[in-house]
Amino acid sequence: LESYPVESSIQASQVCLLVIFAHPDDETTLSGSTMAMYAASGAAVQILSATRGEQGGLGTGGRKIRREDLAAVREEELRRVSRHYRLERSPLFLGYNDQELAVVNHEEGVRKILNVMFHVKPTAGITHGPKGLGGHPDHIALHFLVRDAFSHYKKSPTHAPRLLYAAASQDIIEAWDIDLDGPEA
């Protein structure tokens, strides 16, 4: 397993939020205000992105990005967002290819996430819900990887983090015309 650098050690009693999403920008869209609130209260917040979003759109607002530059651009955007939210930790990446999470070896993916969890020691986590908040295959696949990693992590008597799912209000569900129920609605 790869070893992930952790910039500052977390005290066992400190609140630590581990935010795990499939692509850079998912964290802001789905939990930006939550991350900011946790960070402002003194909690450690660690972002873990499964991919670098290299298959995403090639620019917005008149900005054009070449496909071969997109992963680096999205990674830098995520680093800037982390600083904007005043997160003390740089984001981490699992290194998977965008739009390929559904074919990742499940046990390998769970182990990679667990490796990060044992370094970061989260007291809570946020990720995609079972429907991926809109049905994106990467979001759905990551949901199951994270769910199983948290399940394994909780088997240790000293680790009992809560796993939360990104959710949407009824007005967002209707505006986006998405089929949601259960923990995401």
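Residues numbered from 1 in each chain as written. Predicted model: local features only at pLDDT ≥ 70, side-chain atom pairs only at ≥ 80, totals over all residues. Heavy atoms only, no water.

> Which residues make up the overall build of the protein chain, and what values go with them?
Looking only at helices and strands, the protein chain features six helices and five strands. With the C-alpha coordinates aligned to their principal axes, the bounding extent of the protein chain is approximately 50 × 35 × 35 Å. Looking at the 185 residues of the protein chain, the share that counts as buried comes to 46%. Partitioning the contacts of the protein chain with sequence separation of at least 6, the portion at a separation of at least 24 is 72%. One way to put it: in the protein chain the 19 positive side-chain charges average out to a point 6 Å from where the 24 negative ones average out. (Helix = DSSP H or I, 4+ residues; strand = E, 2+ residues; numbered from the N terminus. Buried < 20%, exposed > 50% of the residue type's maximum accessible area, 1.4 Å probe, protein only. Contact = heavy atoms within 4.5 Å. Lys, Arg positive; Asp, Glu negative; His and termini not counted. Charge placed at Lys NZ, Arg CZ, Asp CG, Glu CD.)

> Hey, could you go over the nonpolar core for me, with residue numbers and the actual values?
Counting residues in each nonpolar core, the largest one holds 26 residues, and the members touching the most others are Ile20, Leu48, Leu101, Ile113, Met117, Leu142 and Val146. Contributing elements (two or more residues each) for this core: strand E1 (16–21), strand E2 (44–51), strand E3 (92–96), helix H3 (106–120) and helix H5 (137–153). A per-element tally of this core places H5 first, with seven residues. Those residues in contact with Ile113, other than ones at most four positions away along the chain, are Ile20, Leu94, Leu142, Leu145, Val146 and Ala149. (Core = buried A, V, L, I, M, F, W, Y, C linked by side-chain atoms within 4.5 Å.)

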